[in-house]
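# Notes for the structure review
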Amino acid sequence: MTAIELRGVTKSFDDVTAVRDLDLTVEDGEVYGFLGPNGAGKSTTIDMLLDLVRPTAGTVRVLGAEVATEGFEIRRRTGVLPDGFSVYDRLSGRKHVEFAVESKDAAADPDALLDRVGLAGDADRPAGDYSKGMRQRLALAMALVGDPDLLILDEPSSGLDPAGAKEMREIVRAEAERGATVFFSSHVLEQVGAVCDRVGILRDGELVAEDSVEGLRRAVGGEETLEVAAAGADDDAVAAVRALDGVSGVTRDGDELVVNCASDAKTDVIASLEEAGVAVADFHTREASLEDLFLAYTEGDAASADVTPADSDATDAAQTNADPTDAGPPVDDEPTTDDEPTTDDESAVDEVDR
Amino acid sequence: MSLPAIARKDFQETVRSRGMIALVALFSLLVAAFAFAVRPTGGNEQFATEVLLSVFIGPFLVTTLVPLVGVVVGYNAVSGERESGSLKLLLSLPHSRADVVFGKVVGRGAALALAVFAGFLLPGLVLIAAPVAFNAGAFLGYTVFAAALGVVFVAIAVGCSAASSTQRRALIGGVAIYVLFVLLWGAVTGRLVGAAGPLVDALPVSATQLRVFLRVSNPTTAVEALSNAFLGEQLFSGDTANQQLSAAAMLVFWTLAPPLAGLLKFDADDL
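Residues numbered from 1 in each chain as written. Chains lettered and ligands numbered in written order. Predicted model: local features only at pLDDT ≥ 70, side-chain atom pairs only at ≥ 80, totals over all residues. Heavy atoms only, no water.

### Quick look at the interface of chain A and chain B
Size of an interface, as often reported, equals the accessible area lost when the parts are brought together. Contact with chain A, which involves 30 residues of that partner, is made by 31 residues of chain B. Both faces considered, chain A and chain B share a buried interface measuring about 2,800 Å² in area, 58% of it formed by carbon and sulfur atoms. Looking only at chain A, the three residues that lose the most surface to chain B are L52, Y88 and R90 of chain A, adding up to 25% of its buried area. Across the chain A-chain B interface, the total number found is two salt bridges. (Contact = heavy atoms within 4.5 Å. Buried area = accessible area lost by both parts, 1.4 Å probe. Salt bridge = Lys/Arg side-chain N within 4 Å of Asp/Glu carboxyl O.)

This is the structure:
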């Protein structure tokens, strides 16, 4: 059976298209990491799984049922840790879990669940006194009520310290071993790499890559990352480098150019820069980290080099999207987007994600 | 059926608020003060329970303060959760949006009714224990009408809250509800009937009948009519029996229609 199935899903708000023609399939028992920068459309997608937001076009099915008509039955079998939620300040942690147990008509022990997420000692305190991390744990306890078939966790590690994030990963693993499907979103690849069977990367509302973490690393990280200290590199020089054979991505980080390329293209890169009149002060190579991998998909144009594209349309679209180092459309250029209602803008995230 | 779960949760949350204790104290204090004002003097042992209720508690407490409290308890029921984000937690559990709206009407209505009962009965107990001829039955019955009026206003305010996408709109709606029903009903409906004079003439009802209908359409005057009939021992009987029936029907209407209308909008919204 298929745990989550989105077909041709588009969601437009007044002036923003948060999700574009998204096809996504998560199989039963799979642990799926849903990645993307803030504002890429992750929360909107999750809100559509929960019927909080209705798609403009396309169909959303969860646990084999239509979300639009069978949301109630779906949510009885689903545990959700929402993003940007708040608790009932006056009710205790135990009351929260009891409410979830009662709502799901489950036979779970609230204290055992609170103990599992590390809140046993705080069960009687009003949740309004909880820290951000404790609220996150409380919502996780509520999500685990009734051993759900599907867990949907939206940015589960936000507000957790490293130890808390580790416990969260352990719980995800345990739930997966029990047989539950886990679908969770994050904007940090490091958090998901360790637990995910498969990762999908969302960018500007489109799935630009979908593979195992190893597969993604092979697709991008089979290459080397070349860091060139080249203060004078202008857009023309960057464009010249990008046009070279074997170069899959170029990003500018201050005075430094970060080039993803095949190892035999390194000399061509340096030569091309010098040819363009750029003084190369220093350069070195390193293996791609998960972070680079993520940035390559979400900011650079590695998506076009993806060997296992999730969707050819999405890949094409990603290719035509300008690289942030281009002087082109300001959509991808973070510093200039502060007042614009683009999906890349942090401040617009709330608006877009609702 | 998850409506009871939401109702219980909302009830627990509402009775835990500090405003709840203040409310019970305020009701008790006012009832006690009014009771002191009508205390029997001299050799007269007869406590004027009906005077206390229909001259003091009725107009000052029930038809002005109880609707206000109802609006305050209800106006942020849905919009508040929507704005804070706790609605996400609520709707990630298996609840339909209808469960949310009506569960809140039940939970908060019950909390307000509890406040009214506690606030009225604490001074009532003193009167029952005191060596005066206090009509406890009339007093208790009247309390039920007061609580019912509060529940109706909670329902209207929750409906408004469900239709509002922001707290600010819900607040404006709540104020409008109070101003319309408590302060301006007679003036507004009088104007309407006056302006629609020719239309009214065409209807198969007299202008007087229409005025009576509009009067009982307002929940506060409907409760007033019913409670006065109750105190006169003519509830659903006597000359005004038909009028009382329509008053009761209108109270049911105001308890159900606003939450339903709010739900229509709430159900269609992206949250």
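There is more to say, and it comes next.
### Structural notes on the sheet that holds strand β4 (residues 57-62) of chain A
Residues and elements named next belong to chain A. Spatially, four strands are ordered β2-β1-β4-β5 in an open sheet, and the strand pairing comes out antiparallel. Taken across any chain shown, the strands that pair with only one partner, and hence form the sheet edges, are β2 (17-27) and β5 (65-66). Pairing of strand β1 (residues 2-12) with β4, which is carried by five bridges, proceeds in the antiparallel orientation. Within β4, the position partnered with R7 by the bridge is T59. In the packing of helix α1 (residues 42-49) onto the sheet, contacts are made with β1, β2 and β4, and the angle to β1 comes to roughly 120°. (Pairing = 2+ DSSP bridges. Helix = DSSP H or I, 4+ residues; strand = E, 2+ residues; numbered from the N terminus. Axes fitted to C-alpha atoms, helices over the stretch in contact; angles between N-to-C directions.)

### Remarks on the packing of aromatic side chains
Tallied over the entire structure, the rule returns twelve aromatic pairs over all chains. Ring plane angle 15° and centroid distance 5.6 Å describe the contact between Y32 of chain A and F183 of chain A, whose orientation is recorded as stacked. One end of the pair, Y32 of chain A, is in strand β3 (residues 31-35); the other, F183 of chain A, is in strand β8 (residues 181-186), and 151 residues separate them in sequence. Residue F183 of chain A is classed as buried on the basis of its relative accessible area of 0%. Consider the rings of F181 of chain B and W254 of chain B, whose centres lie 4.9 Å apart with planes at 75°: the pair is edge-to-face. Note that F181 of chain B is positioned in helix α9 (residues 167-195) and W254 of chain B in helix α13 (residues 241-268), a separation of 73 residues in sequence. Grouping residues by exposure puts F181 of chain B and W254 of chain B together as buried. (Phe/Tyr/Trp six-rings, centres within 6.5 Å; stacked < 30°, edge-to-face > 60°. Buried < 20%, exposed > 50% of the residue type's maximum accessible area, 1.4 Å probe, protein only.)

### A look at empty space enclosed by the protein
Residues and elements named next belong to chain A. Taken as a whole and judged by the stated rule, the model has four cavities of 30 Å³ or more. Counted as a void, the largest cavity has a volume near 50 Å³. Surrounding the largest cavity, V117, R137, L140, L160, G164, E167, M168 and I171 form its lining. Mapped onto the lining of the largest cavity, the elements with two or more residues apiece are α5 (132-144) and α6 (162-178). The element that contributes the greatest number of residues to the lining of the largest cavity is α6, accounting for four residues. (1 Å grid on protein atoms, 1.4 Å probe; cavity = no way out; pocket = protein on both sides within 12 Å on 5 of 7 lines; lining within 4 Å. Points joined across faces, edges and corners; volume = space filled by probe spheres on them.)

### Notes on the nonpolar core
If you look at the biggest cluster of nonpolar residues, it comprises 151 residues, and the most contacted ones within it are F183 of chain A together with I57 and F120 of chain B. Looking at which element gives the most residues to this core, the answer is helix α8 (residues 136-163) of chain B, with 15 residues. Here F120 of chain B is in contact with F27, V31, I57, L61, V62, F139, T143 and A146 of chain B, once residues within four sequence places are set aside. Counting 18 residues, the second-largest nonpolar core is a separate cluster that includes V238, A265, V269 and V280 of chain A. (Core = buried A, V, L, I, M, F, W, Y, C linked by side-chain atoms within 4.5 Å.)

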